[in-house]
Amino acid sequence: MSIAAPALALDTSFKALSVDSAFSAARALTTWLNRDVRLHTEGFHSAPLAEFSELAGAPEEPVVALHLPLQGDLQGDLLIALPEQIAFQLVDMLLGQPVGTTTAFGELEQSAMQETGNIVGSSFANCLARWLRLSVVPASPNFAYDLACAVLAPIAASAANLSDEVWVNRTCFHLDGQHVDWRLLLLLSESARERVAEHVQREQLVCYDLDMLLHHTAAEVATQLRNELGHDVRVICGDFARAAFSELIDPASANSHIEMLTAPLTPRGAGTLLSVTSAEEFVRFLAQTSGGRQAVVPLMHSLQEGFARSLRQTLAGRLTAELAGDDAELEWAAGPTGELLTPWAKTQIAADHELFRTSVVFKTGRATFETTLHLLLHADRYAEMGTLEAC
Amino acid sequence: MLSTAVGPAQFIGIGELRVVREPERLRTVLGSCIGVAIFDRKAMLAGLSHVILPSSKEGSGARGKFADTAVDDLILQMMEAGADRARLCGKMVGGARMFGAESQSDLGSRNIEAVRDRLRHHRIAILAEDLGGMKGRKMFVDPATAAVEVQIIGEAPRVI
């Protein structure tokens, strides 16, 4: 089936996929090099013919290139390209010798580079496979030391046979906090792009399904809260989108304090609702609200608990009869992100779950606070979504 | 050497083609692609096409990507620039097998044959070739002399 998904939808939907794949590769590379490696992805975009020559670097400059053809359900190419001098430094680092020692690529140096390509490419491809639920198998890396345009040409040729654009995911590297000019390119074949488009279309349906449940819940909760609390409460929901676990483990935000409400879905393993509020926003909310802290803390908790319970029940009704709504207890925790959210996210990365995220804003009188709502859904439950008829 | 003796040359990217008159020059970088240069030395004209795929019948998109349509268009542009068809001659560079034998379905060889076929079809003599192998090439084209300089990493530049 050929699906003509708009390019913009593909690009935006797969930003989170790119982030997770890049994070996965960065973790593997950090372990391999014993250095702090971060990967920053630009996501997918369509590169026109005029840009082909420069995708792997300045076209006339020598680079070391590692090419991993992708096999399985998703056919394409992974290419890692490093300028010559940077590659020499990397080899020195890998072989534990002073920088400046390597000046040519012998068998040992090639082998060190190929193993690096294997580690980066495999972790990136494995993450792609997990996200897309397709078989993505990278072949052993082929090594080339040549001009940037020359190493790219055969790969671009196969990707651009039917089009004057290649759909490319471009990722750059930071080593110990410094940008280094390494490039990781993923080029997908036309058929692979169609497979991805099918997946995106399905994902968009699931998100739409979730949005409908969320808005339905918000209207109900606003009415309930108004009655129970005697406050006029507005609940404004954003749109759900597939999210990357790795974004929850950003060391840059590890010290920010959060309030976290966990609402497990039952039976065990079906999924979890997680409502996260910035402590700073919460303090502002306190300051803006009349009545003092003692009155406001329970109010804030009531708002979120009421919302979480209601959404959980709505989800239970939507998904399956055996998914009970109110059995599991809600749990509150407060502290730095690094202590609360990060460990939680790390335990879920390898699990067979999908992560969706949106924002919910509560407005009471003059005060407003926003929570980020994460929905972690088991793959089996995810499979039930996207077929909305009524809720 | 040609590349250092002359001023900057216009870069021809993947799938592009262009015609210039002396004193302008052209350059490109090739892997499995073919750089097809066509000259009319008397008119001081040269055209360069950077072909990446053998046949437009096997794909779609810009004509400059494919050997058959790129050669056709390059000849047409040479004529429009004032070349005499009877004086046209060609040189070919590129067609390497990048990343070794395992990774590509011999795209370089297929490109070589496709360009040769098309030049033969138009009865354009191929004066020189620098093709195949497993290394990329820089290619510089001079319309004044119809000389083509080829540079490969680790090798001395050569003029064909």
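Preceding this paragraph is the structure being described.
Keep in mind that this is a model prediction, so the values were computed, not measured.

Describing the overall build of chain A
1) Next: A tally of helices and strands in chain A yields ten helices and 14 strands.
2) Next: In chain A, which comprises 391 residues, the proportion classed as buried is 55%.
3) Next: Carbon together with sulfur atoms contributes 50% to the accessible area of chain A, which is approximately 16100 Å² in total.

Here we look at the interface of chain A and chain B
1) Next: The interface is formed by 28 residues belonging to chain A together with 33 residues belonging to chain B.
2) Next: Carbon and sulfur atoms supply 64% of the area that chain A and chain B bury against each other, a total of about 2400 Å² over both sides.
3) Next: On the chain A side of the interface with chain B, the three residues burying the most area are E60, P154 and N161 of chain A, jointly 24% of the side's total.
4) Next: Among the ionic pairs, E60 of chain A bridges to R27 of chain B, the shortest N-O distance being 2.6 Å.
5) Next: Counting only elements with at least two residues in the side of chain A that touches chain B, the list comes to β2 (62–72), β5 (142–147) and α5 (148–159) of chain A.
6) Next: Among the elements that make up the side of chain A that touches chain B, the one with the highest residue count is α5 of chain A (seven residues).
7) Next: Each residue belonging to the side of chain A that touches chain B can be placed in one class, and the counts come to 20 nonpolar, five polar and three charged.

With respect to the sheet that holds strand β10 (residues 158–159) of chain B
Residue and element names in this part refer to chain B.
1) Next: The sheet built from five strands is open, its strands ordered β1-β3-β8-β9-β10 with mixed pairing. A strand with exactly one partner marks an edge of an open sheet, and here the two such strands are β1 (10–11) and β10.
2) Next: Two strands pair when backbone bridges link them, and β1 and strand β3 (residues 26–30) are joined in this way by two bridges, in the parallel orientation. Each bridged residue has a counterpart across the sheet, and for F11 the counterpart in β3 is R27.

Structural notes on the sheet that holds strand β2 (residues 17–21) of chain B
Residues and elements named next belong to chain B.
1) Next: Pairing is mixed in the open sheet, where five strands are placed in the order β2-β5-β4-β6-β7. The open sheet is flanked by β2 and β7 (125–131), the only strands paired with a single partner. The average angle at which neighbouring strand axes cross in this sheet is 15 degrees, direction not considered.
2) Next: Bridging between strand β4 (residues 34–40) and strand β6 (residues 89–94) involves six bridges; their strand directions are antiparallel. Across the sheet, residue V36 finds its bridge partner in β6, namely M92.
3) Next: This element, helix α4 (residues 107–121), spans β4, β5 (45–51), β6 and β7 of the sheet and lies at about 20 degrees to β4.

Comments concerning the environment of F173 of chain A
Residue and element names in this part refer to chain A.
1) Next: Considering the arrangement of structural elements, one finds F173 in strand β6 (residues 165–175).
2) Next: Separated by 147 residues in sequence, F173 and A26 have C-alpha atoms that sit 8.4 Å apart.
3) Next: Setting aside residues up to four positions removed in sequence, F173 forms contacts with L29, V37, R38, L39, Q178, H179, V180, W182, R183 and L184.

Considering the pattern of salt bridges
Residues and elements named next belong to chain B.
1) Next: This structure, assessed with the given rule, holds 18 salt bridges over all chains.
2) Next: A salt bridge links R87 to D40; the shortest N-O distance between them is 2.7 Å. Of this pair, R87 sits in the loop between α2 (67–80) and β6 while D40 sits in strand β4, placing them 47 residues apart in sequence.
3) Next: Given the relative accessible area of 32%, R87 is considered partly exposed.
4) Next: What makes D40 buried here is its relative accessible area of 0%.
5) Next: Here the residues in one salt-bridge network are D130, R137, E155 and R158, joined through shared partners.

Concerning the side chain of D211 of chain A
All names here are of chain A.
1) Next: Tracing the chain through its elements places D211 in helix α6 (residues 190–229).
2) Next: Buried charged residue D211 carries no salt bridge. Nearest counter-charge: R357, at 12 Å.
3) Next: Dropping the residues within four chain positions of it, D211 is found in contact with G238, D239 and F240.

As for α4 of chain B
1) Next: Between its first and last C-alpha atoms α4 of chain B spans 21 Å; for 15 residues at 1.5 Å apiece the expected length is 21 Å, and the two agree.
2) Next: All buried positions along α4 of chain B are accounted for by L107, G108, N111, I112, A114, V115 and L119 of chain B.
3) Next: For α4 of chain B, the elements touching its buried residues are α5 of chain A together with β4, β5, α2, β6 and β7 of chain B.
4) Next: Just beyond α4 of chain B, the residue with positive phi is R123 of chain B, at close to 55 degrees.

Considering the packing of aromatic side chains
Residue and element names in this part refer to chain A.
1) Next: Applying the stated criterion across every chain, the model contains five aromatic pairs over all chains.
2) Next: Between the aromatic rings of F88 and F105, the centroid separation amounts to 4.9 Å while the plane-to-plane angle is 25 degrees, which identifies the pairing as stacked. One end of the pair, F88, is in helix α3 (residues 84–95); the other, F105, is in the loop between α3 and α4 (107–132), and 17 residues separate them in sequence. A single burial state applies to F88 and to F105, both of which are buried.
3) Next: An angle of 55 degrees between the planes, with centres 5.6 Å apart, marks the rings of F105 and F143 as tilted. Of this pair, F105 sits in the loop between α3 and α4 while F143 is found in strand β5, placing the two residues 38 residues apart along the sequence.
4) Next: The class for F105 is buried, based on a relative accessible area of 13%.
5) Next: An aromatic cluster of three or more residues is present, and its members are F88, F105, F143 and Y145.

What counts as what
Residues numbered from 1 in each chain as written. Chains lettered and ligands numbered in written order. Predicted model: local features only at pLDDT ≥ 70, side-chain atom pairs only at ≥ 80, totals over all residues. Heavy atoms only, no water. Helix = DSSP H or I, 4+ residues; strand = E, 2+ residues; numbered from the N terminus. Buried < 20%, exposed > 50% of the residue type's maximum accessible area, 1.4 Å probe, protein only. Areas by Shrake-Rupley, 256 points an atom, 1.4 Å probe, with all protein chains shown as cover. Contact = heavy atoms within 4.5 Å. Buried area = accessible area lost by both parts, 1.4 Å probe. Salt bridge = Lys/Arg side-chain N within 4 Å of Asp/Glu carboxyl O. Nonpolar A, V, L, I, M, F, W, Y, C, P; charged D, E, K, R; others polar. Pairing = 2+ DSSP bridges. Axes fitted to C-alpha atoms, helices over the stretch in contact; angles between N-to-C directions. Lys, Arg positive; Asp, Glu negative; His and termini not counted. Expected span 1.5 Å × (residues − 1). Phe/Tyr/Trp six-rings, centres within 6.5 Å; stacked < 30°, edge-to-face > 60°.

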